[in-house]
Amino acid sequence: MSKRVELDFSRKYDDEHARKYFRKHRDGFARQMSDRRDKQLARRALALAGEPGLVLDLPCGAGRFWPLLAEKANRVIIGADNSASMVKTACESQPAEVVKRVQPLQTSAFAIDMPDNAVDNIFCMRLLHHVGNPEDRAVLLNEFHRVTRDSVIISLWVDGNFKAWKRKRAERNRHQEGYQNRFVLPVATVEAEFEQAGFRIQERLDFLPLYAMWRVYLLRKR
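## Here we look at the overall build of the protein
Scanning the protein from terminus to terminus reveals 8 helices and 7 strands. Within the protein, the proportion of its 222 residues that are buried is 50%. Of all intrachain contacts in the protein linking residues separated by at least 6 positions in sequence, the fraction that spans at least 24 positions is 75%. Surface accessibility of the protein: about 11100 Å² in total, with carbon and sulfur atoms responsible for 49%.

## Some words on unusual backbone geometry
Here the amide bond leading from L58 into P59 is cis, since omega sits at -5°, within 30 degrees of zero. Non-glycine residue R126 carries a positive phi angle of around 65°. Within the secondary structure, R126 sits in the loop between β4 (119–124) and α6 (134–147). Given the relative accessible area of 16%, R126 is considered buried. Even without being a glycine, L210 presents a positive backbone phi close to 70°. Mapped onto the secondary structure, L210 falls in the loop between β6 (199–206) and β7 (214–221).

## Looking at the pattern of salt bridges
The full count for this structure, using the stated rule, is 16 salt bridges. Across the pair D116 and R146 runs a salt bridge, and its minimum N-O distance is 2.9 Å. Separated by 30 residues along the polypeptide, D116 in the loop between β3 (102–106) and β4 and R146 in helix α6 bring together distant segments of the chain. Between R220 and D150 there is a salt bridge whose closest N-O contact spans 2.6 Å.

## Observations regarding the packing of aromatic side chains
Per the counting criterion, the structure on display carries 5 aromatic pairs. Taken together, a centroid distance of 5.0 Å and an interplanar angle of 70° make the contact between F194 and Y217 edge-to-face. Of this pair, F194 sits in helix α8 (residues 187–196) while Y217 sits in strand β7, and the two are 23 residues apart along the sequence. The exposure classification of F194 matches that of Y217, with both residues buried. Counting every residue linked through ring pairs, the aromatic cluster contains F162, W165 and Y211.

## Observations concerning the packing of α6 against α8
Contact geometry of α6 with α8 gives a least axis separation of 10 Å together with a crossing angle of 40°. Between α6 and α8, the angle falls in the class oblique. In this structure, the crossing between α6 and α8 has a hand that is right-handed. Counted together, P134, R137 and L141 of α6 and T189, E193 and F194 of α8 form the full contact between these two elements. The class makeup of the residues in the contact of α6 with α8 is 3 nonpolar, 1 polar and 2 charged.

## Re a nonpolar patch on the surface
On the surface, F162, W165, L208 and Y211 cluster together into a nonpolar patch covering about 410 Å² of accessible area. One can find W165 in helix α7 (residues 162–172).

## Concerning the nonpolar core
If you look at the biggest cluster of nonpolar residues, it comprises 36 residues, and the most contacted ones within it are L56, F144, I154, F194 and Y217. Secondary structure elements with two or more residues in this core: β1 (54–57), β2 (76–81), β4, α6, β5 (148–157), α8, β6 and β7. The element that contributes the greatest number of residues to this core is α6, accounting for 5 residues. Apart from residues no more than four positions distant in its own chain, I154 is found in contact with C124, L128, L140, L141, F144, F194, R215, V216, Y217 and L219.

About the criteria used
Residues numbered from 1 in each chain as written. Predicted model: local features only at pLDDT ≥ 70, side-chain atom pairs only at ≥ 80, totals over all residues. Heavy atoms only, no water. Helix = DSSP H or I, 4+ residues; strand = E, 2+ residues; numbered from the N terminus. Buried < 20%, exposed > 50% of the residue type's maximum accessible area, 1.4 Å probe, protein only. Contact = heavy atoms within 4.5 Å. Areas by Shrake-Rupley, 256 points an atom, 1.4 Å probe, with all protein chains shown as cover. Salt bridge = Lys/Arg side-chain N within 4 Å of Asp/Glu carboxyl O. Phe/Tyr/Trp six-rings, centres within 6.5 Å; stacked < 30°, edge-to-face > 60°. Axes fitted to C-alpha atoms, helices over the stretch in contact; angles between N-to-C directions. Parallel < 35°, antiparallel > 145°, perpendicular 65-115°, else oblique. Left-handed = near helix turned anticlockwise from the far one by under 90°. Nonpolar A, V, L, I, M, F, W, Y, C, P; charged D, E, K, R; others polar. Patch = residues over 30% accessible without salt bridge, like charges linked within 9 Å, V, L, I, M, F, W, Y side chains within 5 Å. Core = buried A, V, L, I, M, F, W, Y, C linked by side-chain atoms within 4.5 Å.

Set out below in structure tokens:
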């Protein structure tokens, strides 16, 4: 049984917050362009993974990537999130022809309610940068290793770029109030954690090389 991990930020996702999250990536030109780039990287990673046929989208949020995942006609999609409100919003907000392709599931990424080797790929966008505790990351990565039989696509914030340097400088000059829910991880640290969990790194895809913090990793199960 995996350790029970509950991130502070995840408690806010009631129905209202879930609907706001759905609108977030559609709000304004900059976010629309960011969303477009996210999806370019996701398509590239899925192609490099061999277009997996059974994908667990976890956390699925408001289903932002469901239409993209559904572009492969025979792909089976499991849309899972720790928040029942997120799963509900995704099913209500995404196109009906896409939703009918998705099997909804409420479950935690730290204790996935699925058997070993259950899916071809775990598709995990925009979660790991919320996990600052190395022990919690180990729980998550070990669960991913247990449930996937082949690959994981995962995005996070890494150092070694302008935005990470700028954020670190700003944090030195700002008093942190309350909990911190976003973290820039050193590349060496997170890549070692992938290896320790039993993965090898097949590909690194940067949002904007040397500038942006976002990086997508394609991991293969050893």
